Amino acid sequence: MYSDKKNVLQLVSLLKEYEINDIVLCPGSRNSPIVHTLANHPFFHCYAVTDERSAGFFAMGLALQSNKPTVVCCTSGTALLNIHPAIAEAYYQQIPLIVISADRPAAWIGQMDGQTLPQPNVFGTLVKKSVNLPEIQTLEDEWYCNRLINEALLELNHHGKGPIHINIALSEPLFQYTAEKLPATRVISRYYHSDVEDLFIRLKKYNKQMMIIGQTNEDYFEKDNSNILSSHFALLAEHLNNQIASSSTIIKNVDTLLYALPEDETDTLVPDLIITFGGHIVSKRLKKFLRSNPPKEHWHISTDGNVVDLYCSLTAIVEMKPAEFLTKMIPFLTNNSSEYPNRWKNLSESISEPEIDYSEISAIGDLIKSLPENSVLHLGNSSVVRYAQLFSISNSIKVFCNRGTAGIEGSLSTAVGFAASSEKLNYVVIGDLSFFYDMNALWNNHIKSNLRILLLNNGGGEIFQALPGLDMTEQTHRFVTGTHSTSAKGWAIERGFQYTDIHNQKELKEALKTFTQSTQTEKPMLLEVFTDKAEDVRLLKEYYQQIKVKSNR
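Nothing here was measured: the structure is a model prediction, and the numbers come from that model.

Asker: How should I be thinking about the environment of M525 in this particular structure?
Answerer: Mapped onto the elements, M525 comes out in strand 18 (residues 525-530). Note on M525: relative accessible area 3%, which makes it buried. Sequence separation between M525 and F497 is 28 residues; the distance between their C-alpha atoms is 5.2 Å. The residues contacting M525, other than those within four sequence positions of it, are L451, R452, I453, F497, Q498, T514 and F515.

Dropping the structure here:
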């Protein structure tokens, strides 16, 4: 029988999966759930050493002899500090030493409770990785705990070997040993150029394969390969992926597709395998869909080899350039195409673009449809980047947005900096809060006439009104949405912009003729489009309701 502590069971199970079985155990009560579980499992070879300082070096000696990772486990408090000298030696000798320390719950640190001190990250830069395992109360806690342990164990030999530290908080009661066996746990593996073919051999196991391309400024696809990939994979992305060569094969209206998806179609769209590369994904629905319907495997391709588990189902990290990965994978694809991508394509094509009255959404759509070829589009965060996703964009247009942290600050400054060193026409679509928060972006001497700004002004943060479950009182609404009655006119004219204010569809249509002309003008331009927040929200909800009804007929 083993400890009933779920974080302990996760840790011990993964040590077994990683085939780490040399364990040095130091005495104590706080670490007794770990000690009991390790000592009573036949897989582990345990050594008892009382002095923690000696135990750390003893474990290092085991690792030197076996050339494999070795564990030293201690109780809470100063016991952990005594392993510091061994950690320093292991770091500079590049020895894969694992320190597992039991800890009190965080609430009791610094409260004069016995054997307590701040243990997370206590070894500083002398370990390759330090993680602090949560006590598991929810499924998210369990996923997080599993991910942290995998991250730490993977770092033992990532770009050279070295020590790691796993700190684990344990609440009382400590001595309940009711678990009959170790749980099945997810193992995350890391692959490199030399062994990636082992993954490709597994491709034939899965009929429903999906590929998701996140934000990037690189084109990973070769034209000859894009059609091959789209016949085997449902290729999902957003405008920020900038995959021009294969744009026609990529499904970009993922968010609206999933919103309108009939319940009886859900199972047919759940993938067996997903392969991801690139940066961030905007769609919350896609994240929720894959987290709620996890695939059997998820491979993430990146040059840094870091663990990124966005969909809570990661099984493999591939440390190589995505373009190289795709090129090497192509020969392993069978000649038989899959029906799975066609299901996604058919549903994608059934979703119509918005055709609605004058509003924020219609203004964004009208601009996107009129953009000159080979221009650049910069999107503000919040509602703008989401509304732009409702419309198709020409393959020749590059799209950018600050999605690293998705904050509203700096959206305009980034676009202005880009345009300052660009010879192309640069269009910025930005909401009022983002614009006024970053209005000093125009306070420099580097504004060129190739900059054209479409400012959507409805007097506040409209997206907050559309959030499900957010029922605001009038007082709350004032603070949450940042209501205002500000115009950019004075600032735009002072900064040398050709300024136009827009209040209806007729004015917008007329202004866009000049705004979207393909030749550069004498001055940069700013169109300030005034709309009504309540009407913007109503039209948005009405559009989503229409596509929902249409899909369920």
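Asker: Would you take a moment to explain the pattern of salt bridges for this structure?
Answerer: When the charged atoms of two side chains with opposite charge come close together, those side chains can pair. All chains considered together, the criterion is met by 13 salt bridges. When the shortest N-O distance is used, the salt bridge between E151 and R147 registers 2.7 Å. Of this pair, E151 and R147 both sit in helix 6 (residues 139-154), four residues apart, roughly one helical turn. For R538, the salt bridge goes to E542, with nearest N and O atoms at 3.0 Å. With R538 and E542 both in helix 22 (residues 533-551) and four residues apart, the pair spans about one turn of that helix. Connected through salt bridges with shared partners, the residues K129, R147 and E151 form a single ionic network.

Asker: Would you explain the sheet that holds strand 9 (residues 233-237) in this entry?
Answerer: What links the strands of a sheet is backbone hydrogen bonding, and the strands pair in either a parallel or an antiparallel sense. The strand order across the open sheet formed by six strands is 7-12-11-10-8-9, and the pairing between neighbours is parallel. Both edges of this open sheet fall to strand 7 (189-191) and strand 9, since each of them pairs with a single strand only. Each neighbouring strand pair of the sheet contributes to a mean axis angle of 20°, computed without reference to strand direction. Strand direction decides the pairing type here: strand 11 (residues 297-302) and strand 12 (residues 316-319), joined by four bridges, are parallel. Its bridge partner lying in strand 12, W299 is registered against A316. Contacts between helix 12 (residues 322-329) and the sheet are confined to strand 8 (209-213), strand 9, strand 10 (273-277), strand 11 and strand 12, with strand 10 contributing the most and set at about 140° to the helix.

Asker: Would you take a moment to explain the sheet that holds strand 3 (residues 70-74) for this structure?
Answerer: Reading across from one edge, 2-1-3-4-6-5 is the order of the six strands in this open sheet, with parallel pairing throughout. Each edge of the open sheet is held by one strand with a lone partner, namely strand 2 (45-48) and strand 5 (129-133). On average, adjacent strands in this sheet sit at an angle of 20° to one another, irrespective of strand direction. Here six bridges tie strand 4 (residues 97-103) to strand 6 (residues 164-169), and the two strands are oriented parallel to one another. Each residue of the ladder has a partner; that of I98, found in strand 6, is I164. Sitting on the sheet, helix 3 (residues 52-66) touches strand 1 (22-25), strand 2, strand 3 and strand 4, and the angle it makes with strand 3 is about 165°.

Asker: What is the right way to look at the environment of L62 in this model?
Answerer: Inspection of the secondary structure assignment puts L62 in helix 3. Placed 39 residues apart in sequence, L62 and I23 show a C-alpha to C-alpha distance of 9.2 Å. Sequence-distant contacts of L62, defined by excluding residues within four places in its chain, comprise V24, Y47 and T70.

Asker: Would you take a moment to explain unusual backbone geometry for this structure?
Answerer: Excluding glycine, residues mostly carry a negative phi; peptide bonds, for their part, are mostly trans. Looking along the chain, the bond that leaves E172 and enters P173 is cis, with omega of 0°. Mapped onto the elements, P173 comes out in the loop between strand 6 and strand 7. At N67, a position not held by glycine, the phi torsion is positive, near 60°. Its location among the elements puts N67 in the loop between helix 3 and strand 3. In this structure, A406 takes a positive phi of about 65° despite not being glycine.

Asker: Is there a simple way to think about helix 1 (residues 6-17) in this case?
Answerer: For an α-helix, the turn length of 3.6 residues means that residues three or four places apart are oriented alike. Taking 1.5 Å as the rise per residue, helix 1 with twelve residues should run 16 Å; its terminal C-alpha atoms sit 16 Å apart, in good agreement. Helix 1 sits mainly inside the fold: nine of its twelve residues count as buried. Where the residues of helix 1 are buried, they touch helix 2 (32-39), strand 3, strand 4, strand 5, helix 6 and strand 6. After helix 1 finishes, the residue E19 shows a positive phi value of roughly 60°.

Asker: What should I look at first to understand the side chain of E238 in this one?
Answerer: Within the secondary structure, E238 sits in the loop between strand 9 and helix 9 (254-260). One buried charged residue, E238, forms no salt bridge at all, with the nearest opposite charge on R403 at 6.8 Å. At 2.8 Å, the side chain of E238 forms a polar contact with the backbone nitrogen of V282. Apart from residues lying up to four places away in sequence, E238 is in contact with I213, K252, H280, I281, V282, S283 and Q389.

Asker: Mind showing me how you'd approach helix 2 here?
Answerer: In terms of burial, helix 2 is largely enclosed, as six of its eight residues are buried. Every buried residue belonging to helix 2 is among S32, P33, I34, H36, T37 and L38, and all of these are buried. At its buried positions, helix 2 is contacted by helix 1, strand 1, strand 2, strand 3, strand 4 and strand 6.

Asker: Explain the pairing of strand 5 here, please?
Answerer: The side chains of a regular strand alternate, residue by residue, between the two faces of the sheet. In the sheet, strand 5 pairs with strand 6 via five bridges, with the strands oriented parallel. The partner of S130 across the bridge, within strand 6, is H165. In this fold, strand 5 hands off to helix 6, which returns the chain to strand 6; that crossover is right-handed.

Asker: Please explain the nonpolar core as it appears in this structure.
Answerer: Burial of nonpolar side chains together is a common tendency in soluble globular proteins. Formed by 42 residues in total, the largest nonpolar core has its most connected members in L377, L379 and V429. Of all the elements in the fold, those that place two or more residues in this core are helix 14 (360-370), strand 13 (376-379), helix 15 (383-388), strand 15 (426-431), strand 16 (451-457), helix 21 (505-515), strand 18 and helix 22. Apart from residues lying up to four places away in sequence, L379 is in contact with V384, V385, A388, V399, F400, C401 and V429. C73, L133, I149 and L153 belong to the second largest nonpolar core, which has 34 residues in total.

Conventions and cut-offs
Residues numbered from 1 in each chain as written. Predicted model: local features only at pLDDT ≥ 70, side-chain atom pairs only at ≥ 80, totals over all residues. Heavy atoms only, no water. Helix = DSSP H or I, 4+ residues; strand = E, 2+ residues; numbered from the N terminus. Buried < 20%, exposed > 50% of the residue type's maximum accessible area, 1.4 Å probe, protein only. Contact = heavy atoms within 4.5 Å. Salt bridge = Lys/Arg side-chain N within 4 Å of Asp/Glu carboxyl O. Pairing = 2+ DSSP bridges. Axes fitted to C-alpha atoms, helices over the stretch in contact; angles between N-to-C directions. Expected span 1.5 Å × (residues − 1). Lys, Arg positive; Asp, Glu negative; His and termini not counted. Polar contact = N/O pair within 3.5 Å; in protein donor to acceptor, adjacent residues only side chain to side chain. Right-handed = clockwise from strand over helix to strand, strands pointing away. Core = buried A, V, L, I, M, F, W, Y, C linked by side-chain atoms within 4.5 Å.

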